Amino acid sequence: MDVMVQLQRQLFDYTASLFHEGFLDEQFNQLQQLQDESNPDFVVEVVTLFFEDAERLLNELTNALSQENIDFRRLDAHVHQLKGSSSSIGAQRIHTVCISFRNSCEEQNVEGCLKSLQQVKHEYSTVKSKLETLFKVRRSGPFLVRVLICNIEMTYGETDFGCRGVSVLGSVI
Amino acid sequence: MAIAADSQFHVLAVDDSRIDRMLIERLLKTSSFHVTAVDSATKALKILGLVEDDLRNFDTSVASKFHQDVEVNMIITDYCMPGMTGYDLLRKIKESKSLKDIPVVIMSSENVPSRINRCLEEGAEEFFLKPVQQSDVNKLKPHLLKSRVKEEQEQPINNKRKGMEESYSPNKNRQKM
């Protein structure tokens, strides 16, 4: 089953790329190590909590920055929370943006804050979609694996398969 | 009241972040600790103080059992929390006659030397930088074992001391001669 080996290899490479490109750091590995047979969904659970918290905080931040008189202390408090939770799950890029976001809050620099907010929203949506892909692929059976690997390829490049659609691969295996 | 040597240590974890609560709880459980996680220092004090309140209401035999069931062997708390901070909680615990010997550990996402020193001076056993690692949690057992040994030693010594005081005074003079 050469194709399955190659698919597994692709999944491995995809995960590795998330680390290599700085989306995830060592803390994410720590989370994976805390997962075992008695807590098989630990990583998904923690990351799901993170998604919920992050979305709530991003809404609060957008709200706070749209006020006439910006409350920088409140703004900073929210960024501090987001910085903390992103660090706790290993979402490195979000954490990094939060650091400069806090500096802008301290300087009461509105433009800096708006720029940071835009950046953090972008980083958040990117890492969210990558993690969701990762979770789907890991949990699914062989068929869905093939479908999603195709998706991944379409997003970040073609592989030796030249996978262009489910029906193509479906007929191969 | 003897404490069973092999009973699980009970750790009270305090953190307003639910992600961090979930993390610390998992970390502590992998070390076989029994964990209660709360989201505020106020709630933590309630759990710690609740023991004392209920002791007053129950008769002695029931109270001792209740005390043992909710006994807290260690408190691990986040520093930055809305309302009462982890530092405030630490101080309250160290000021309490009944709670001051419970080891307290502080966690913080910020590496501020003056903050760390302040906490250690106030009596915190350890200061962990977040995200807390398994290697940090591995440092906790020695503190807990030390506390347990200390508790067990203090009880027989207190009984022994009483006995010694009663017998020494008359004997001392006799031996001199």
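Heads up: the structure comes first, above all this text.
Just so you know, these numbers come straight off a predicted model, no measurement behind them.

**A look at the interface of chain B and chain A**
For step 1, the next point in the chain: Facing 14 residues of chain B, the contacting portion of chain A comprises 21 residues.
For step 2, the next point in the chain: The junction of chain B with chain A conceals about 1,600 Å² of combined surface from both sides, 58% of it contributed by carbon and sulfur atoms.
For step 3, the next point in the chain: The interface formed by chain B and chain A contains four salt bridges.
For step 4, the next point in the chain: With a shortest N-O distance of 3.1 Å, aspartate 53 of chain A and arginine 18 of chain B are connected by a salt bridge.
For step 5, the next point in the chain: Considering every element that reaches the side of chain B that touches chain A, the biggest residue donor is helix α1 (residues 18-30) of chain B, with eight residues.
For step 6, the next point in the chain: Taken together, the residues that form the side of chain B that touches chain A break down as six nonpolar, four polar and four charged.

**Examining the pattern of salt bridges**
For step 1, the next point in the chain: Tallied over the entire structure, the rule returns 20 salt bridges over all chains.
For step 2, the next point in the chain: Close ionic contact of aspartate 53 of chain A with arginine 56 of chain A constitutes a salt bridge, the shortest N to O distance being 4.0 Å. One end of the pair is aspartate 53 of chain A and the other is arginine 56 of chain A, both in helix α3 (residues 42-65) and three residues apart, which spans about a single turn.
For step 3, the next point in the chain: On the basis of relative accessibility, which here comes to 8%, the residue aspartate 53 of chain A falls in the buried class.
For step 4, the next point in the chain: A relative accessible area of 36% means that arginine 56 of chain A is categorised as partly exposed.
For step 5, the next point in the chain: Across the salt bridge formed by glutamate 132 of chain A and lysine 128 of chain A, the nearest N and O atoms sit 3.7 Å from each other. One end of the pair, glutamate 132 of chain A, and the other, lysine 128 of chain A, are both in helix α6 (residues 110-139), four residues apart, so they sit about a helical turn from each other.
For step 6, the next point in the chain: Each member of the salt-bridge network shares a partner with another, and the members are Glu52, Asp53 and Arg56 of chain A together with Arg18 of chain B.

**Here we look at helix α2 (residues 26-33) of chain A**
All names here are of chain A.
For step 1, the next point in the chain: Residues Gln27, Phe28, Gln30 and Leu31 constitute the buried set of α2. Around the axis of α2, the buried residues are gathered within 155° of arc, so they sit on the same side.
For step 2, the next point in the chain: Its side-chain oxygen at 3.0 Å from the backbone nitrogen of glutamine 27, aspartate 25 defines the N-terminal cap of α2.

**Regarding the environment of glutamine 30 of chain A**
For step 1, the next point in the chain: Relative to the elements of secondary structure, glutamine 30 of chain A occurs in helix α2.
For step 2, the next point in the chain: Residues glutamine 30 of chain A and valine 97 of chain A lie 67 residues apart in sequence; the distance between their C-alpha atoms is 22 Å.

Procedures and definitions
Residues numbered from 1 in each chain as written. Chains lettered and ligands numbered in written order. Predicted model: local features only at pLDDT ≥ 70, side-chain atom pairs only at ≥ 80, totals over all residues. Heavy atoms only, no water. Contact = heavy atoms within 4.5 Å. Buried area = accessible area lost by both parts, 1.4 Å probe. Salt bridge = Lys/Arg side-chain N within 4 Å of Asp/Glu carboxyl O. Helix = DSSP H or I, 4+ residues; strand = E, 2+ residues; numbered from the N terminus. Nonpolar A, V, L, I, M, F, W, Y, C, P; charged D, E, K, R; others polar. Buried < 20%, exposed > 50% of the residue type's maximum accessible area, 1.4 Å probe, protein only. Arc of directions from axis to C-beta. Polar contact = N/O pair within 3.5 Å; in protein donor to acceptor, adjacent residues only side chain to side chain.

From the geometry alone we can't say anything about function, so treat these as descriptive.
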